[in-house]
Amino acid sequence: MSDGTTAAPGKRTNRLNLDMTSYRGSKTTLCAGCGHNAISERIIDAFFEMGVDPKRVLKLSGIGCSSKSPAYFLNPSHGFNSVHGRMPSVATGAVLANKTMLAIGVSGDGDTGAIGIGQFVHLMRRNLPLIYIIEDNGCYGLTKGQFSPTADLGSKAKNGVVNDLPPIDTCALAIELGASFVARSFSGDKKQLLSVLKAAIAHRGTAMIDVISPCVTFNDHDGSTKSYSYVKDHDEPLGEISFVPYFEEINVEYEAGATTSVKMHDGSQLFLRKVAEDYNPSDKLAATRLLHETARRGEFATGILYIEPDKDDFIDILNLTDEPLAFLPTERTRPPKAVLDQIMDGLR
Ligand SMILES: Cc1ncc(C[n+]2csc(CCOP(=O)(O)OP(=O)(O)O)c2C)c(N)n1
Ligand code: SF4
Ligand SMILES: [Mg+2]
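Not measured: the values here are computed from a predicted model.

Engineer: Before we go on, may I ask you to explain a nonpolar patch on the surface in this structure?
Structural biologist: Together, Val 339, Leu 340, Ile 343, Met 344 and Leu 347 make up a nonpolar patch on the protein surface, roughly 470 Å² of accessible area in all. Along the polypeptide, Ile 343 turns up in helix 12 (residues 337-347).

Next comes the structure, spelled out in structure tokens:
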């Protein structure tokens, strides 16, 4: 067994000499076959392969089956299971208090799109450095499968009830509001999801990833547009994604003109093979048009939809001190009495 700081003998290790056990979490209590479990597995793989120190990670969530997931990955990391829909404000406080940490938040389509929509909106426009994952099953899994705001118009619940409200497209919303990395993936697409997660780890700013993640208990039947079979048949990947971290040699073969290459903030390189003609992931309008067009056909465009690697993040905007706020001594954070007296005198 590893204690989270060293590798067990004979195990595959990463660049920090840690083995997989340092990245795993507790045993899942979610239903067998739930898409959320597959996402936890990919998060474990991505953090292991990127060689992130798990003790430098903050994992946060709201409430829902999805929000239970941080317990199932990265055991040595710092976890905070917050209130329903309120993870963004807790994440904002935590990241601003200690900007040296790498933060990952896991939410659900209900947690984000219903009770948490106000918090989500302001998080996206701030570009806080945070990987924000929506485990999107189109329903409130934990409270027995009611439609959520991402359920498609006309989709059918298990009991035959038809959804008569149009969906919120969280990717379109995030792009519109200023998130600097927006992706959609499918819990059943191991390869794509792993590449997207690795790129999100290398990104500086908000990386919003909507992962379609079927709920096998309440939303995996005919008539649901978030079932495994519907998503498999209507997934429109934008093209192959190759992510090369800065510490690895680039040996990706790509055809000039057919591939977009994006240099990430930490020096990692992202290669996006174009399937959609002339798709440019740095063009907001193109990304928005693609989302509208695919939705009209009842399809899901998946991959990295939009990326702006050099955008100022919330820490740059606030011009924070180099030293994390959490470590500043009281003498530097609390004004002395004389200064407070002076302020009070000025108000008389
Ligand atoms: C303030 C508050 N309102 C309502 C609830 C009840 N509740 C718990 S989880 C949930 C919805 C979860 O749906 P989602 O975020 O999509 O997660 P999933 O279970 O589908 O993964 C609701 C309404 C709650 N816990 N707290
Ligand atoms: S109820 Fe649905 S979302 Fe919740 S654990 Fe089971 S399959 Fe997953
Ligand atoms: Mg849900």
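Engineer: Hey, could you run me through the coordination of the magnesium ion (ligand 3) in this one?
Structural biologist: Within the first shell, the magnesium ion (ligand 3) binds the protein through Asp 109 (OD), Asn 137 (OD1) and Cys 139 (O), at distances of 2.1 to 2.3 Å. With relative accessibility at 4%, the residue Cys 139 sits in the buried group.

Engineer: For this particular structure, what's the right way to read the site of ligand 2?
Structural biologist: Leu 30, Cys 31, Cys 34, His 36, Cys 65, Asn 137, Gly 141, Cys 215, Val 216, Thr 217 and Phe 218 make up every residue found near ligand 2. Among the residues forming the shell around ligand 2, the class breakdown is seven nonpolar, four polar and no charged.

Engineer: What should I look at first to understand the sheet that holds strand 12 (residues 269-273) in this one?
Structural biologist: Backbone-to-backbone hydrogen bonds pair the strands of a sheet. The strands run either parallel or antiparallel. The strand order 10-12-11 describes an open sheet built from three strands, whose pairing is antiparallel. Only two strands of the sheet have a single partner each, and these edge strands are strand 10 (241-244) and strand 11 (259-263). With direction set aside, neighbouring strand axes in the sheet form an average angle of 15°. Both strand 10 and strand 12 contribute to a ladder of four bridges, which runs antiparallel. The residue of strand 12 that forms the bridge with Phe 243 is Leu 270. Across the sheet, helix 7 (residues 190-202) is in contact with strand 10 and strand 12; its angle to strand 10 comes to roughly 40°.

Engineer: Teacher, can you tell me more about the site of ligand 1 here?
Structural biologist: Near ligand 1 there are 17 residues, and of these Cys 65, Ser 66, Gly 110, Asp 111 and Gly 141 occur at the shortest range. Separating an oxygen atom of ligand 1 from a backbone N or O atom of Cys 139 is a distance of 2.9 Å. One of the backbone N or O atoms of Gly 141 is found 2.8 Å from an oxygen atom in ligand 1. Relative to its unbound accessible area of 590 Å², ligand 1 is 74% covered by the protein chains. Those elements that place two or more of their residues in the shell around ligand 1 are helix 2 (65-68), helix 4 (109-115) and strand 5 (139-140). Counting residues per element, the shell around ligand 1 draws most heavily on helix 4, at four residues.

Engineer: Can you help me understand the pattern of salt bridges in this one?
Structural biologist: Side chains that differ in sign of charge can pair as their charged atoms come close. Going through the model one piece at a time under the given rule, you end up with 14 salt bridges. Between Lys 226 and Asp 152 there is a salt bridge; the shortest N-O distance is 3.8 Å. One end of the pair, Lys 226, is in the loop between strand 8 (206-212) and helix 8 (228-234); the other, Asp 152, is in the loop between strand 6 (146-147) and helix 6 (170-177), and 74 residues separate them in sequence. On the basis of relative accessible area, Asp 152 is assigned to the partly exposed category, the value being 22%. Residues Arg 332 and Glu 323 are paired through a salt bridge, measuring 2.8 Å at the closest nitrogen-oxygen approach. Overall, Arg 332 belongs to the exposed group, its relative accessible area being 52%.

The rules behind these values
Residues numbered from 1 in each chain as written. Chains lettered and ligands numbered in written order. Predicted model: local features only at pLDDT ≥ 70, side-chain atom pairs only at ≥ 80, totals over all residues. Heavy atoms only, no water. Patch = residues over 30% accessible without salt bridge, like charges linked within 9 Å, V, L, I, M, F, W, Y side chains within 5 Å. Areas by Shrake-Rupley, 256 points an atom, 1.4 Å probe, with all protein chains shown as cover. Salt bridge = Lys/Arg side-chain N within 4 Å of Asp/Glu carboxyl O. Helix = DSSP H or I, 4+ residues; strand = E, 2+ residues; numbered from the N terminus. Donors = N, O, S within 2.8 Å, 3.2 Å for Na, K, Ca; no water. Buried < 20%, exposed > 50% of the residue type's maximum accessible area, 1.4 Å probe, protein only. Near = heavy atom within 4 Å. Nonpolar A, V, L, I, M, F, W, Y, C, P; charged D, E, K, R; others polar. Pairing = 2+ DSSP bridges. Axes fitted to C-alpha atoms, helices over the stretch in contact; angles between N-to-C directions. Contact = heavy atoms within 4.5 Å. Polar contact = N/O pair within 3.5 Å; in protein donor to acceptor, adjacent residues only side chain to side chain.

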